[in-house]
Amino acid sequence: MLHRSDFLRRMATRTATTVAFLVAGTVPAQAQAQAPAADVPLGFSLASMDRKANPRQNFYRYAVGGWLDRTAIPASESDVGGFTALAANLDARLIKLVRDAADAKAEPGSPRQQIGDYWRAAMDLKRLDDLGLKPLQADLDRVAALGLPAAAPVLGELSARLQLAYGVSPLVNAFVGTDLKDSKSNLLLLVAGQQSLTPDEYAKPEGQPVRNLYLTYISRMLQTTGMAPADADAGARAVLAMEAEISASQLTPLQGRDPAFIYNLMTLAQAQVLIPSVDLAAILQALGVPGDVRIQVRDLAALKTIHKVVTTRPAEEVRMLLRWHVLTSRTSALGQPWRGLDEAFSLQRRGLQSPPPREREIVKAMGLQLSHPLSRLYVDAFFPDSTRREITSMVGHIKDEFAQRLRANRWLDETTRAAALDKLSRIDIQVGYPQQWIDFSSVVVRADDHIGNQQRADEFLLRRRFAQLGKPVVVERFADAPFTTPISVNAGYSPQTNSIDITAAIVQPPFYVPGADAAVNYCTIGAVIGHEITHGFDSNGRRYGPAGNLRDWWTPKASAEFKKRTDVLVRQYGGFTLLPGLKHNGELTLTENTADLGGITLANAALHRHLAGAPQPRIDGLTTDQRCFVAWAQMWAYKARPERIRLLAATDYHANATLRGFAPLVHLDAFHKAFGTRPGDAMWRAPSQRVLIW
Ligand SMILES: [Zn+2]
């Protein structure tokens, strides 16, 4: 399972930071592939409503109550919702495609051969069991032989080796990124290793149960290498202490996307001062990266802390940390007992009773490592051109609507308005899949080498990016796994390329229903499109100009007006309580909440422009606007286990999905008019308290 360092793995492949519509992992490979909760209709449905509930008091209940009453979270899942059901359907299709590929003869290096052989190797559990720790042995030996204190070049070489073999190094990672202030230039990112648990799980009293599970997990894993239980227990405690120390020094999730914290340009010599014990030049040499590149260090304090840990902890503890990294980074590609121990930890941590089917785990891993080959098979089989055309046309309508509203906007001054219109006109939106696929044909995929397949695919993606250093940025679309590849149930805006990818996988129920009435489709997929477009103008996206460069194009007056409005959203979303004692974080989720408000506002307005004032009949007793807002809320039909709610509350930029279902609506006059809310109603919000940003 990929619970470790997803963030860093992602950095190996992407060209730019994408803001995704859904958190990755909200659509996990966790439901039974063949049984996506049969009584959960995907897409708009009267049966999902509770029409006895009063929409003026509890709109979410009114729109989604029928679904809430009939839906239980499956034992193998952390949460359930329309998008988890879609993910289950999607995975069932992907599993069928890869099984067919595994049965077919295909040309070496073709997507079908790679997918088929990856699958055969991954599903050959007997072979994985027989191999035991053999695939890791050379690296375990390398770590065991490490004399400490080591010369800095030795640690540098080891760090590079771990990044190449395991995707991520626990010491220093090198990736390629786009310069935030010059979107035409690549630079080298230096990033500290990331930890397995969340900062809260390491530090807070509520994290103690997870820490206990983690200690047991580490100890048992260490014992599989022949360590005595008492030594393994001590080793586990040391690993936890070191990881907690590093975690405490790292940027918070909010700081991690703030250029003021992460945009630290320096020379190699300047970066080296942060972490003298790990030779950076040795890392770059081992990775084949020239030493004279421009460098951005994301997290200064984390590198300093890693230096401190490596130089002040006893040698045996440092080796233990590295050994732990080797053991735990590719557990899904190992046999028993390693896979079982990892699975047990992951299940208990998330409060689940049964593991997900391996088939779904494999498809998920393939989606990261062979994203485009698998996507090509999917698009050929399941993504009709008619859908692409229809969504592309809707994109045009929503964009036009935004332009109209920018022209009519009352709080923007003329200078900022002109710049905003320019930026909007240059947003490049593509639907479904890229015009140019990444060529994976050089990746050797064998039917008998699962861990080797994983390593070669990861290394291919990493080296491919390194080869782009020093050259002008080539924008790659639908390439940010697992967020915006065609098989991601998601959509993403990239501020650095000022572009939006609407994936093939999201353009189906519950986000889009071919043939449904306009109210339903505008206020679901249309709102998704609007959400992404307004990301270019949220409190993060607005810091980038039309060409994707970090620069302030706002007058102070417009900035102040914008902030006045987003402050209301921070207070509103910060006022919700998710679990006893657990407040929702209005700051962390601000950009997404701004985009949700923008998305449904644009979608509703574009819907009316599309209908051009023609009288609309009620359908099933509901007016056009009523159907619009019910469809929006039903898109967010959601239930989650407390463990999941807590994890997401600490780390996710998106609001809790239930809140997304109703919280933006109370700012829309059209919503209040549609349901006749009055002062005193729970859903009432006085006009003076409503926020209209776009
Ligand atoms: Zn978003």
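This text gives an overview of the structure that appears in the document. From a predicted model like this one, the values you see are computed outputs, not experimental measurements. (Residues numbered from 1 in each chain as written. Predicted model: local features only at pLDDT ≥ 70, side-chain atom pairs only at ≥ 80, totals over all residues. Heavy atoms only, no water.)

**Description of the state of the cysteines**
So, point 1. In this structure the tally under the stated criterion is one disulfide.
So, point 2. Residue pairing for Cys523: its cysteine sulfur links by disulfide to Cys628, the two sulfurs lying 2.2 Å apart. Handedness of the Cys523-Cys628 disulfide follows from its S-S torsion of about -90 degrees: it is left-handed. You can see Cys523 sitting in helix H22 (residues 518–535) and its partner Cys628 sitting in helix H25 (residues 624–635), a full 105 residues away along the chain.
So, point 3. Residue classification places Cys628 among the buried residues on the basis of a relative accessible area of 0%. (Disulfide = S-S within 2.5 Å. Helix = DSSP H or I, 4+ residues; strand = E, 2+ residues; numbered from the N terminus. Buried < 20%, exposed > 50% of the residue type's maximum accessible area, 1.4 Å probe, protein only.)

**Structural notes on the pattern of salt bridges**
So, point 1. Enumeration according to the criterion identifies 37 salt bridges in this entry.
So, point 2. Linking Glu459 and Arg463 is a salt bridge whose minimum nitrogen-to-oxygen distance equals 2.9 Å. Placement of the pair is Glu459 and Arg463 together in helix H21 (residues 450–466), with a separation of four residues, close to one helical turn.
So, point 3. With relative accessibility at 33%, the residue Arg463 sits in the partly exposed group.
So, point 4. Among the salt bridges present, the one from Asp669 reaches Arg690, with a minimum N-O distance of 2.7 Å. (Salt bridge = Lys/Arg side-chain N within 4 Å of Asp/Glu carboxyl O.)

**Considering the packing of aromatic side chains**
So, point 1. Applying the stated rule across the entire model yields 30 aromatic pairs.
So, point 2. Between the aromatic rings of Tyr217 and Trp324, the centroid separation amounts to 5.2 Å while the plane-to-plane angle is 80 degrees, which identifies the pairing as edge-to-face. Residue Tyr217 is located in helix H9 (residues 208–223), and its partner Trp324 is located in helix H15 (residues 315–329); the two are separated by 107 residues in the primary sequence.
So, point 3. On the basis of relative accessibility, which here comes to 3%, the residue Tyr217 falls in the buried class.
So, point 4. Seen in terms of ring centroids, Tyr573 and Phe576 are 6.0 Å apart; in terms of plane orientation they differ by 75 degrees. Their pairing is edge-to-face.
So, point 5. Tyr573 gets classed as buried once you look at its relative accessible area, which sits at 1%.
So, point 6. Taken together, the aromatic side chains of Phe402, Trp411, Phe537, Trp553, Trp554, Phe562 and Trp694 make up a single cluster linked through ring pairs.
So, point 7. Over the ring of Tyr653 we find Arg257, and its NZ or CZ is 3.8 Å from the ring centre.
So, point 8. Arg542 extends its terminal NZ or CZ atom over the ring of Trp554, reaching a point 4.4 Å from the ring centre. (Phe/Tyr/Trp six-rings, centres within 6.5 Å; stacked < 30°, edge-to-face > 60°. Lys NZ or Arg CZ within 6 Å of the ring centre and 35° of its normal.)

**Thoughts on the coordination of the zinc ion**
So, point 1. Looking at the metal site, the zinc ion is ligated by His531 (NE2), His535 (NE2) and Glu592 (OE), spaced 2.0 Å from it.
So, point 2. All donors to the zinc ion come from one chain, and their sequence spacing reads H-x3-H-x56-E. Taken together, the residues span a long stretch of sequence, with His535 in helix H22 and Glu592 in helix H24 (residues 590–611) at a distance of 57 residues. As far as burial versus exposure is concerned, His535 and Glu592 are alike and both buried. (Donors = N, O, S within 2.8 Å, 3.2 Å for Na, K, Ca; no water.)

**What about the sheet that holds strand S3 (residues 172–179)?**
So, point 1. Pairing within the open sheet is mixed, and its four strands lie in the order S3-S4-S6-S5. Unpaired on one side and paired on the other, S3 and strand S5 (264–266) mark the two borders of the sheet. Across the sheet, the mean angle from the axis of one strand to that of its neighbour is 35 degrees, orientation sign disregarded.
So, point 2. Pairing of strand S4 (residues 182–192) with strand S6 (residues 295–297), which is carried by three bridges, proceeds in the parallel orientation. In the sheet register, Leu188 faces S6, and the bridge partner there is Ile295.
So, point 3. Helix H13 (residues 280–287) rests against S3 and S4 of the sheet, and its axis sits at about 75 degrees to S3.
So, point 4. Lying over the sheet, helix H14 (residues 300–312) contacts S3, S4, S5 and S6, oriented at roughly 30 degrees with respect to S4. (Pairing = 2+ DSSP bridges. Axes fitted to C-alpha atoms, helices over the stretch in contact; angles between N-to-C directions. Contact = heavy atoms within 4.5 Å.)

**With respect to the packing of helix H17 (residues 358–369) against H21**
Two measures define how a pair of helices packs: the angle their axes make with one another and the distance between the axes.
So, point 1. Packing of H17 against H21 brings their axes to within 10 Å, and their N-to-C directions diverge by 30 degrees. Between H17 and H21, the angle is such that the two are roughly parallel. Residues Arg358, Ile362, Leu368 and Gln369 of H17 form the contact with H21, whose own contacting residues are His450, Gln454, Ala457, Asp458 and Leu461.
So, point 2. Of the residues belonging to the contact of H17 with H21, the class tally is four nonpolar, three polar and two charged. (Parallel < 35°, antiparallel > 145°, perpendicular 65-115°, else oblique. Nonpolar A, V, L, I, M, F, W, Y, C, P; charged D, E, K, R; others polar.)

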